[in-house]
Amino acid sequence: MSERDDPAIIGRRVQQLRADRGLTQRQLAEPAYTPAYISTLEAGRVRASDDALRHIAERLGVAFEELATGRPAHLVTDLRLRLTEAQRALATGDAEAAAGRYAALLAEAEAHGFAEEQATALLGLGECGIDVGELTSARRHFERAERLLAEADAPLPARVPALRGRAVSHYLAGELRYAVYLLESTLDELNRGGLHDPDALLLLYASVIGPYMDMGAHARAAQAAEYALALAPKAADPALVARMHRSVARTLLAEGRIAEADASLAKAAELYRQLQIRTELANCHWMRGYVYAQNGDLERAEAELREARAMLTAQRAALYTSQVAVELADVLHRRGKSEEAAALLHEVLSDLSPERGALHSAAAHRLLGIIAEDARDTETAEEHYVRALSLLERAGAAGDLADLCRLLGDLLRRTGRVEAALDAYRTGLGHRTAPGTTTLGPAPAQPPL
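One structure accompanies this document, and this report is about it. Since the model is a prediction, treat every value here as computed from it, not as a measurement. (Residues numbered from 1 in each chain as written. Predicted model: local features only at pLDDT ≥ 70, side-chain atom pairs only at ≥ 80, totals over all residues. Heavy atoms only, no water.)

1. Digging into the side chain of His384
To keep things clear, this is the line we draw: Elements are defined by DSSP. Helices are runs of H or I of four residues or more, strands are runs of E of two residues or more, and each kind is numbered from the N terminus. The cut-offs for exposure are 20% and 50% of the maximum accessible area for each residue type, with area from a 1.4 Å probe on protein chains only; residues under the lower value are buried, those over the upper are exposed, and the others partly exposed. The definition of a polar contact used here is a pair of N or O atoms within 3.5 Å, where within protein one atom must be able to donate a hydrogen and the other to accept one, and adjacent residues in sequence count solely through side-chain atom pairs. What makes two residues a contact is simply this: any of their non-hydrogen atoms within 4.5 Å.
Tracing the backbone shows His384 in helix α20 (residues 378–395). Here His384 falls in the buried class, since its relative accessible area comes to 9%. Within polar-contact distance, the side chain of His384 engages the side chain of His365 at 3.0 Å. Setting aside residues up to four positions removed in sequence, His384 forms contacts with His365, Leu368 and Gly369.

The structure is reproduced here in structure tokens:
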């Protein structure tokens, strides 16, 4: 039973507040109620209606929420203000500082039983985890946020950021098919159920692009990018507007105008969330660059990938920045800029690992192997191919494995190791013919654009 539902707790609170203000039961009751009613209420023998509590709260000079729950009215608003400040820290790229703030705010929200604010703090901690590459802890935070929101009967669009975060953490850990399943099933449920929330759809479409690309589902990736760009909100300078709303909220809170402060904070929080969406929108430029590269339009591919990298660098999204750098290096190599490509790859490899960007780490080694082969350094090339092979086997990226086995087999054959080359080719053929490695189910229902 909550404090609001417990007449004894509310009765003691009314009695204490009345005594503190030097009011009699008659003064508190009139004109709508009787002294006997106040006496019965203070004794905990009656459950006051909301109307009665609002009358008593007004006479006592306190907010309804404070009288009903014992929590000062400004407590939630103050917590939300500090949550938007943590969002700002994350949106401007200071993930470590944001994580510290979110952890403290989570503890505070838990102490007071604020479920919505707990979920917001957990989402922030999950985003911080993704930014710094701590994928396991990020996934746990997203799962906790999702559970809290489900227990609070939050609608699906409100749960989308948690679902999307969980999918992205699985994707970055190399679990591509499960990530696509989570994103596509949520998209399908939203679109078929008529829950056409533009922000929720934008988050999901932008997030599914990467897994589609890595699975070879290029047509679906291009379509998702098209939908994401069509849904993107038009905010000229969300950071500036969000800062304004935060400042206004502080003033309103100081004046005791709680509802107005809450409304201003809600606008600020939404704009900071859009700043995170800008990181997602960089994936759309990334996708365009990939498509241009596949079609041989390398100049436009380089421009799109440089734009994506600049956006991600500005957001200090280190892991994503490293991943798009690998794609850019491939285009640079194909344009004859192999030295620049190799330098870029060596720079980002230190930021990637089997548990943190395994597929792009493998792609970096694969490309370094190709560059080394072009320079006739077969020993270095083989070393890079073998490292890439180990990473891809661990991630289960069958299509990429088949291609890499062909490269390794060709190198071994040219250096006279025919049996080893045959083994590499057989391994590649086995992966290429493995059932279900490239097949996706039916596409999710389309949004009403």
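2. Some words on the nonpolar core
Our working rule: Think of a nonpolar core as a cluster: buried Ala, Val, Leu, Ile, Met, Phe, Trp, Tyr and Cys residues, connected wherever their side-chain atoms sit within 4.5 Å.
The biggest cluster of nonpolar side chains holds 113 residues, and the ones touching the most others in it are Tyr102, Leu172, Tyr205, Leu345 and Tyr385. No other element matches the 12 residues that helix α12 (residues 198–215) contributes to this core. If we ignore the near neighbours within four places in the chain, the residues touching Tyr385 are Arg366, Gly369, Ile370, Glu373, Leu404, Leu407, Leu408 and Leu411. Of all hydrophobic cores here, the second largest spans 16 residues; its members include Ile38, Leu53, Ala57 and Val62.

3. Side note on the packing of aromatic side chains
What counts is decided by this rule: Centre distance within 6.5 Å is the pairing criterion for rings of Phe, Tyr and Trp, where only the six-membered ring of Trp is used; planes under 30 degrees apart are then read as stacked, over 60 as edge-to-face, and the remainder as tilted. Counted as over-ring charges are cases with an Arg CZ or a Lys NZ within 6 Å of the ring centre that also lie within 35 degrees of the ring normal.
For the coordinates displayed, the defined rule picks out 3 aromatic pairs. For the cation-ring pair, Arg54 lies above Phe64, with the distance from its terminal atom to the ring centre recorded as 4.0 Å.

4. Considering the packing of helix α10 (residues 156–172) against helix α17 (residues 318–334)
Which entries qualify depends on this criterion: Fitted lines through C-alpha atoms serve as axes, helices being fitted only where they are in contact, and the angles separating the N-to-C directions of these axes extend from 0 to 180 degrees. An angle below 35 degrees is read as roughly parallel, one above 145 as roughly antiparallel, one from 65 to 115 as roughly perpendicular, and any other as oblique. Each crossing is labelled by how the near helix is turned from the far one, with a counterclockwise turn of less than a right angle marking it left-handed and a clockwise turn marking it right-handed. By the convention adopted, Pro, Cys, Tyr, Trp, Phe, Met, Ile, Leu, Val and Ala count as nonpolar, Lys, Arg, Asp and Glu as charged, and the other residues, Gly among them, as polar.
For the pair α10 and α17, interaxial distance at closest approach is 13 Å and the crossing angle is 50 degrees. When the axes of α10 and α17 are compared, the pair comes out oblique. Between α10 and α17 lies a crossing of left-handed hand. Together, Arg164, Val168 and Leu172 of α10 and Leu319, Tyr320 and Gln323 of α17 make up the contact between the two elements. A class-by-class count of the residues in the contact of α10 with α17 yields 4 nonpolar, 1 polar and 1 charged.

5. Looking at the pattern of salt bridges
When the charged atoms of two side chains with opposite charge come close together, those side chains can pair. Rule in force here: Any carboxyl oxygen of Asp or Glu that lies within 4 Å of a side-chain nitrogen of Lys or Arg is treated as forming a salt bridge with it.
Applying the stated criterion across every chain, the model contains 25 salt bridges. Between Arg80 and Glu117 there is a salt bridge, with the nearest N and O atoms lying 2.8 Å from each other. Placement of the pair is Arg80 in helix α6 (residues 73–91) and Glu117 in helix α8 (residues 115–132), with a sequence separation of 37 residues. As a salt-bridge pair, Asp297 and Arg300 come within 3.6 Å of each other at their nearest N and O atoms. Among the charged side chains, a salt-bridge network with shared partners connects Glu302, Arg306, Arg335, Lys337 and Glu340.

6. Re the environment of Ala375
Among the structural elements, Ala375 can be located in the loop between α19 (358–374) and α20. Of the residues examined, Ala375 reaches a relative accessible area of 58% and is grouped as exposed. Considered as a pair, Ala375 and Ser338 are 37 residues apart in the sequence and their alpha carbons are 9.9 Å apart.

7. Brief notes about the side chain of Glu42
One can find Glu42 in helix α3 (residues 35–42). Residue classification places Glu42 among the buried positions, given a relative accessible area of 7%. Not counting chain neighbours up to four residues away, the residues in contact with Glu42 comprise Gly11, Arg12, Val14, Gln15, Arg18, Gln25 and Leu28.

8. Quick look at the environment of Pro211
As for its position among the elements, Pro211 is in helix α12. Separated by 34 residues in the primary sequence, Pro211 and Arg177 place their C-alpha atoms 7.7 Å from one another. What Pro211 contacts, discounting residues up to four positions off in sequence, is Tyr171, Leu176, Ala179 and Val180.

9. Looking at the packing of α8 against α10
Here α8 crosses α10 at 20 degrees, and the two axes come no closer than 10 Å. Put simply, α8 runs roughly parallel to α10. Seen from above, α8 lies across α10 with left-handed handedness. On the side of α8, the interface is formed by Leu123, Glu127 and Ile130, while α10 contributes Pro161, Ala162, Arg164, Gly165, Val168, Ser169 and Leu172. Taken together, the residues that form the contact of α8 with α10 break down as 6 nonpolar, 2 polar and 2 charged.

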